[in-house]
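Summary of structural features
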Amino acid sequence: SAIDAFIVVSVLSFIIGLVFLVVLRFTIGICVWIAVVISVLMFFLGGAFIFVLSIQCSGAGILETGTQTAVAIVIAGSTAVSSTLSGEEVSEDCTGDCQDYRGI
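Let us look at the structure shown here. (Residues numbered from 1 in each chain as written. Predicted model: local features only at pLDDT ≥ 70, side-chain atom pairs only at ≥ 80, totals over all residues. Heavy atoms only, no water.)

A few words now on the overall build of the chain. Assigned secondary structure in the chain consists of 2 helices and 0 strands. Taking 13 Å as the expected radius of gyration for a compact globule of 104 residues, we find that the chain reaches 29 Å, considerably beyond that expectation. Dimensions of the chain, computed from C-alpha atoms along their principal axes, come out at roughly 100 × 35 × 20 Å. Across the 104 residues in the chain, those meeting the buried criterion constitute 6%. Element-wise, carbon and sulfur atoms account for 75% of the exposed surface of the chain, whose accessible area totals about 8700 Å². (Helix = DSSP H or I, 4+ residues; strand = E, 2+ residues; numbered from the N terminus. Rg over C-alpha atoms; globule rule 2.2 N^0.38 Å. Buried < 20%, exposed > 50% of the residue type's maximum accessible area, 1.4 Å probe, protein only. Areas by Shrake-Rupley, 256 points an atom, 1.4 Å probe, with all protein chains shown as cover.)

Quick look at helix α1 (residues 2-54) now. In this model, α1 (53 residues) spans only 64 Å end to end at C-alpha, well below the 78 Å of a helix rising 1.5 Å per residue. At Thr27, α1 shows its largest kink, close to 55°. (Expected span 1.5 Å × (residues − 1). Bend = angle between axes of the 7 residues up to and from the residue.)

All chains considered together, the criterion is met by 0 aromatic pairs. Geometry around Phe26 places Arg25 over its ring, the cationic atom sitting 5.1 Å from the centre. (Phe/Tyr/Trp six-rings, centres within 6.5 Å; stacked < 30°, edge-to-face > 60°. Lys NZ or Arg CZ within 6 Å of the ring centre and 35° of its normal.)

Before going further, it helps to examine helix α2 (residues 62-86). End to end, α2 covers 36 Å across 25 residues, agreeing with the expected 36 Å (1.5 Å per residue, within 8%). For α2, the secondary structure elements touched by its buried residues are α1. Looking one or two residues beyond α2, the residue adopting positive phi is Gly87, at roughly 85°. (Contact = heavy atoms within 4.5 Å.)

Right, dumping it as C-alpha cells:
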C-alpha cells in the first residue's frame with residue numbers, strides 16, 4: 001500500500017514537473033520583462049523617495065515633504081517653460097548691487 005502511494009506521487013510529480021517546464025518555456029519572456037520593468041520602477045521610486053528625504057525638514061512628515069517637493073518641481077518647471085516661451089532671460093547672477101538680477 002505504501003509503494004502504491006509512492007508510485008502515484010512519483011508519476012504525478014513527473015507530470016506536474018513536465019507541465020511546469022512547458023508552461024515556463026512559453027512564459028519566461030513575459031516573466032523576465034515583468035522583472036525588468038519592476039526593477040526599473042523600483043529604482044525610480046527609490047530615487048524619488050531618497051530625493052524627497054534629502055530635502056525633508058526636521059519634524060516634517062514624508063507625505064508633507066513629498067507634496068511640497070512636487071509643488072516646487074511643478075512651479076519651477078512651469079516657470080522655466082513660460083520664460084523660455086516668452087523669451088525672458090532668468091538669471092540668478094548678482095554682481096555689485098544686483099542690477100543684473102533677473103530671477104523669479
